[in-house]
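These are the residues of each chain, in order.
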Amino acid sequence: MRRKIPTGLIGMVHLKALPGSPGFAGDIDAVESFALADVTTLLAGGVDAILVENFGDVPFQKTVDGVTIAAMTRIIRAIVELSDVPVGVNVLRNDPHAALSIATVTGAEFIRVNVHIGAMVADQGLIEGQAAETLRLRDSLNADVAILADVGVKHATSYDEKWSLEQEAKDAWYRGLADALIVSGSGTGAPTKSVDLERIKQAVPEARLIVGSGVNADTLAEYSIAEAWIVGTALKRDGLVQNEVELARVREMCHASSDGNSS
């Protein structure tokens, strides 16, 4: 049975470097305060959901250390308590078990999995999907948490050059049992190709699609085929991913999203 997924505008919360990562500035309270300020702005602007990831933890690990899980659990629990919209978790680079565990204990409602099935080559080397283990863990935890799986994930290339986007989408939906498929551009903030969305919709008509990168108020209408849009960079001051979320940008995007949903 497919889980309920978030729809509409999903605002990103990019966590600053957490304890254990090279960029950590030594003050976890400051990291949490920055995140909660972004959440407050996103909620004031009218987003439909929030997705939190350990964006500052470069260079990323394939699976994260316990201290990362502990830090994310602390901050995400605070975000869930503050938020009146669904909250999601993405543990970079590709730790769905950590994300699912965090979601289960914090009350978050969905997770993003960058490599759910197959294998991708990234700056961490070869990353292999763990769909079988992830689905079984979700069942064992009795967790009502949706799995949003990337197809052709950004910052990576397929290990099998002959493996098409359509085949990956079919495998993620029919064999990986993902609750939604995320389609992105080549990197953070890079535009998603609308033709890629159309290709996947043709290959898997019943799949629920989410745009994963590169959406702004001017381009959102191009992605009306999707049920949700994950937006981060376009909501930040000066359009820079490292900056704080800006209320005017959130309101502009939410207005565009409302127009797109009513057309």
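Residues numbered from 1 in each chain as written. Predicted model: local features only at pLDDT ≥ 70, side-chain atom pairs only at ≥ 80, totals over all residues. Heavy atoms only, no water.

A. Structural view of the sheet that holds strand S6 (residues 125-128). Spatially, the 3 strands line up as an open sheet ordered S6-S5-S8, and their pairing is antiparallel. The open sheet has two edge strands, S6 and strand S8 (157-158), and neither has a second partner. Both strand S5 (residues 119-122) and S6 contribute to a ladder of 4 bridges, which runs antiparallel. The residue of S6 that forms the bridge with Met-120 is Ile-127. (Pairing = 2+ DSSP bridges. Helix = DSSP H or I, 4+ residues; strand = E, 2+ residues; numbered from the N terminus.)

B. Representation of the packing of helix H1 (residues 28-45) against helix H2 (residues 66-82). Where H1 meets H2, the closest approach of the two axes is 10 Å, and the angle between their N-to-C directions is 30 degrees. It follows that H1 is roughly parallel to H2 by the angle criterion. Note on packing geometry: the crossing formed by H1 with H2 is right-handed. From H1, Ile-28, Asp-29, Val-31, Glu-32, Ala-35, Leu-36, Val-39, Thr-40 and Leu-43 reach across to H2, where they touch Ala-71, Arg-74, Ile-75, Ala-78, Ile-79 and Leu-82. (Axes fitted to C-alpha atoms, helices over the stretch in contact; angles between N-to-C directions. Parallel < 35°, antiparallel > 145°, perpendicular 65-115°, else oblique. Left-handed = near helix turned anticlockwise from the far one by under 90°. Contact = heavy atoms within 4.5 Å.)

C. Representation of the environment of Lys-62. Summarising the element assignment, Lys-62 is placed in the loop between strand S2 (49-53) and H2. Among the residues examined, Lys-62 registers a relative accessible area of 37% and is labelled partly exposed. The spacing of Lys-62 and Leu-235 is 173 residues in sequence and 28 Å in space, taken between C-alpha atoms. Lys-62 has contacts with Arg-93, Asn-94, Asp-95, Gln-124 and Leu-126, leaving out every residue within four places of it along the chain. Separated by 2.7 Å, the side chain of Lys-62 and the backbone oxygen of Leu-126 make a polar contact. (Buried < 20%, exposed > 50% of the residue type's maximum accessible area, 1.4 Å probe, protein only. Polar contact = N/O pair within 3.5 Å; in protein donor to acceptor, adjacent residues only side chain to side chain.)

D. Representation of the nonpolar core in the model. Core analysis: the largest hydrophobic core is formed by 66 residues, its most contacted members being Val-89, Ile-111 and Leu-181. Of all the elements, H2 adds the most residues to this core, at 6 residues. Grouped together as the second largest cluster of nonpolar side chains are 13 residues, Ile-10, Leu-51, Leu-148 and Ile-210 included. (Core = buried A, V, L, I, M, F, W, Y, C linked by side-chain atoms within 4.5 Å.)

E. Structural context of the packing of aromatic side chains. Applying the stated criterion across every chain, the model contains 0 aromatic pairs. Note that Arg-2 overlies the ring of Trp-173, its terminal NZ or CZ placed 3.7 Å from the centroid. The ring of Phe-34 has Lys-16 lying over it, and the distance from NZ or CZ to the ring centre is 4.5 Å. (Phe/Tyr/Trp six-rings, centres within 6.5 Å; stacked < 30°, edge-to-face > 60°. Lys NZ or Arg CZ within 6 Å of the ring centre and 35° of its normal.)

F. Quick peek at the sheet that holds strand S7 (residues 146-151). Reading around the circumference, S1-S2-S3-S4-S7-S9-S10-S11 is the order of the 8 strands in this closed barrel, with parallel pairing throughout. Ignoring strand direction, the axes of neighbouring strands in this sheet form an average angle of 25 degrees. Those strands touched by helix H3 (residues 96-106) are strand S3 (87-90) and strand S4 (110-113), and its axis lies near 170 degrees from that of S4.

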